[in-house]
Structures are given as structure tokens and as C-alpha cells.
Amino acid sequence: MATPDRPETAPAAGGAAVVREAIEAAEAERLRRMIAGDPHGLAALCDPRLDYVHSTGRRDTLAGLLALVGSGVVTYSAIEHRLERVEPLGGTVWATGTMLIDLVKGGQARRLRTRTTTLWTGDDGGYRLLAFHATSAPTA
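Our subject in this report is the structure included herewith.

What counts and how
- Residues numbered from 1 in each chain as written.
- Predicted model: local features only at pLDDT ≥ 70, side-chain atom pairs only at ≥ 80, totals over all residues.
- Heavy atoms only, no water.
- Salt bridge = Lys/Arg side-chain N within 4 Å of Asp/Glu carboxyl O.
- Helix = DSSP H or I, 4+ residues; strand = E, 2+ residues; numbered from the N terminus.
- Buried < 20%, exposed > 50% of the residue type's maximum accessible area, 1.4 Å probe, protein only.
- Phe/Tyr/Trp six-rings, centres within 6.5 Å; stacked < 30°, edge-to-face > 60°.
- Pairing = 2+ DSSP bridges.
- Contact = heavy atoms within 4.5 Å.
- Core = buried A, V, L, I, M, F, W, Y, C linked by side-chain atoms within 4.5 Å.

**Regarding the pattern of salt bridges**
Argument step 1. Following the criterion strictly, the structure yields 11 salt bridges and no others.
Argument step 2. The residue arginine 20 makes a salt bridge to glutamate 24 at a minimum N-O spacing of 3.0 Å. One end of the pair, arginine 20, and the other, glutamate 24, are both in helix H1 (residues 15-36), 4 residues apart, so they sit about a helical turn from each other.
Argument step 3. On the basis of relative accessible area, arginine 20 is assigned to the partly exposed category, the value being 26%.
Argument step 4. A relative accessible area of 35% means that glutamate 24 is categorised as partly exposed.
Argument step 5. Between glutamate 27 and arginine 30 there is a salt bridge, with its nearest N and O atoms 2.6 Å apart. You can see glutamate 27 and its partner arginine 30 sitting in helix H1, 3 residues apart, about one turn around the helix. The pair formed by glutamate 27 and arginine 30 is uniform in burial state, with each residue classed as buried.
Argument step 6. Because the salt bridges share partners, they merge into one network encompassing Glu29, Arg32, Arg33 and Asp38.

In C-alpha cells:
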């Protein structure tokens, strides 16, 4: 929604490339923080209204995600997120892609392949993750 301090406008010509670069950088930093088990650094990259849906269907708020990342219950050793589509929508950016995740949960190593949808809010000066939704993808 447009407000006096944040008018809703389409990105300028060439702006979509700048937005994509900013989202890719924000996403890479988010994944680094998750692998590092750094809830404080992760919090700085997320909107307080975060809605995070894991590929298992578990749903977390920002507090729940930070507790999970900081607990060590799940540890991530590698996360690769390939963004296939990045669409600026006013002050929000919608992105879809695929993710390959190597993690350890309950002492058991797992590899997950997912399809993702993310919403980022902000502008090319800085974005915060507003929503994340992953679902299992075929292993073909």
C-alpha cells in the first residue's frame, strides 16, 4: 500500500536488475546466518511480521524461527537457493526458486530439495524477509 513516505511505484528501467541483485545478496546473507546458527544476525534480515513455512509444513513466526536456528536442534551445513523469478511489486518483492539443503536433525543427516516462494519488503537500499514458504520438490 502506498503511503506518503513510501509511494507505490514500479521500478525504473534497469531497476529490476538492481532489485534482483539486492534480493540475491539479502538471501545469500540470510542463508549464511542460518548455516552459522546466528539468530541475532538472522533477525536483522527479517521483518518482525515474518511468516515462515518449512517444507515439512511447520509454520514459524520470527521468534520461532530464531529459537530454532539458535537451539542447535537443527543445524544446516549447506543451503543453495537458486532464485528463478524475482518480481518487484511496489515495496514488496516476490521471488520463487529451488533450494537444496543439507542439515542434521536429531543426529540424522538429511538432504532436502524444495521449491520456494519468498516475499521481501523494503527497497534496493535494504530488504527484510516477510514470508517464506517451502514445499518438497521431486528428486529427479
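**Some details on the packing of aromatic side chains**
How two aromatic rings sit relative to each other is given by the distance of their centres and the angle of their planes.
Argument step 1. Tallying each qualifying case throughout the model produces 1 aromatic pair.
Argument step 2. Residues tyrosine 52 and phenylalanine 132 carry aromatic rings whose centres are separated by 4.4 Å and whose planes lie at 20° to one another, so their mutual orientation is stacked. Of this pair, tyrosine 52 sits in strand S1 (residues 46-53) while phenylalanine 132 is found in strand S6 (residues 126-136), placing the two residues 80 residues apart along the sequence.
Argument step 3. Assessed through its relative accessible area of 5%, tyrosine 52 is described here as buried.
Argument step 4. For phenylalanine 132, a relative accessible area of 3% gives the class buried.

**Description of the sheet that holds strand S5 (residues 108-123)**
Argument step 1. What the 6 strands build is an open sheet, ordered S2-S1-S6-S5-S4-S3; its pairing is mixed. The open sheet terminates on both sides in strands that have one partner only, identified here as strand S2 (59-60) and strand S3 (74-89).
Argument step 2. Here S1 pairs with S6 via 4 bridges, running parallel. Bridge pairing in S6 links aspartate 51 to alanine 131.

**Things to note about the side chain of arginine 30**
Argument step 1. Taking the relative accessible area as the measure of exposure, arginine 30 reaches 1% and is therefore buried.
Argument step 2. Filtering out sequence-adjacent residues up to four positions away, arginine 30 remains in contact with Leu42, Leu45, Tyr52, His81, Met99, Trp120, Leu129 and Phe132.

**Re the nonpolar core**
Argument step 1. Core analysis: the biggest nonpolar cluster contains 30 residues, and Ile23, Met34 and Tyr76 have the highest contact counts within it.
Argument step 2. Listed by contribution, the elements that provide at least two residues to this core are H1, S1, helix H3 (62-71), S3, strand S4 (92-105) and S6.
Argument step 3. Looking at this core element by element, the count peaks at 6 residues for H1.
Argument step 4. Apart from the residues lying within four places of it in its own chain, the contact partners of methionine 34 are Leu42, Tyr52, Leu65, Val69, Tyr76 and Ile79.

Note that every value here comes from positions in space, so none of it alone points to a role or purpose.
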